[in-house]
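Each chain, letter by letter, is given below.
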Amino acid sequence: MRHKNTQKSSGFAVHSYSQLVRFVEAFSDGHLNLLILLGQPGLAKSQTVKRVLRDASWIEGNASPFGVYVSLWENRDQAVVIDEVDNLYSDRNAVRLLKCLCQTDPVKRVTWQTASATLDKLGIPRSFETRSRTVIIANEWRTLDRNVAAVQDRGHVIRFEPTAAEVHRQVRRWFD
């Protein structure tokens, strides 16, 4: 059953870079399993997360669900940042994968059960356990159906909405 209208995620509004850093630090310290960070382009969301999560595995740009699975295997037990993978929430296979990865249990079982000669060739199992926690960075997140809502409900949605003055203060720090 699909929602009649796609819903934009409401989340919790954060208006300063210091507040944003506190949320990312809480994630880094293991207090958050899933952090979905939303905000307009050009606000340095990714750069802020990179400064705090230096050892995280990054998946960005054009990534297929299969490519994400392979990356999760290669970087299992590390924090994972999925950055600007547009429309991830609209791909059924990606949502299934995210539902596994974003479970609230400390150890999650991630699976890819389709026949894939590539997995065999790479020596990657069809199922594995990981302690990875996840940050998703996007300009928008739409709750298209119950499955996407299930992913979202497993974490904390933060809407980064700094004022123009806050952005100018942050940019000024780059030059000081």
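None of these values were measured; they are calculated from a predicted model.

A.B. asks: Give a description of the environment of Tyr 69 that names residues and reports values.
C.D. replies: Relative to the elements of secondary structure, Tyr 69 occurs in helix H3 (residues 65-74). For Tyr 69, a relative accessible area of 0% corresponds to the buried category. For Tyr 69 and Ala 56, which are 13 residues apart along the polypeptide, the C-alpha to C-alpha distance reads 16 Å. Those residues in contact with Tyr 69, other than ones at most four positions away along the chain, are Leu 97, Val 110, Thr 111, Trp 112, Leu 119, Ile 124, Pro 125, Arg 126, Ser 127 and Phe 128.

A.B. asks: Tell me about the sheet that holds strand S4 (residues 57-60), and name the residues and values.
C.D. replies: The strands making up a sheet are joined through hydrogen bonds of the backbone, oriented either antiparallel or parallel. Strands sit in the order S2-S10-S3-S8-S5-S4 across an open sheet of 6 strands; the sheet is parallel. Two strands in the sheet have a free side with no partner beyond their single neighbour: strand S2 (12-14) and S4. When strand polarity is set aside, the average angle formed by the axes of neighbouring strands in this sheet is 20 degrees. Across 4 bridges, the pairing between S4 and strand S5 (residues 80-83) is parallel. Paired with Ile 59 across the bridge in S5 is Ile 82.

Criteria and thresholds
Residues numbered from 1 in each chain as written. Predicted model: local features only at pLDDT ≥ 70, side-chain atom pairs only at ≥ 80, totals over all residues. Heavy atoms only, no water. Helix = DSSP H or I, 4+ residues; strand = E, 2+ residues; numbered from the N terminus. Buried < 20%, exposed > 50% of the residue type's maximum accessible area, 1.4 Å probe, protein only. Contact = heavy atoms within 4.5 Å. Pairing = 2+ DSSP bridges. Axes fitted to C-alpha atoms, helices over the stretch in contact; angles between N-to-C directions.

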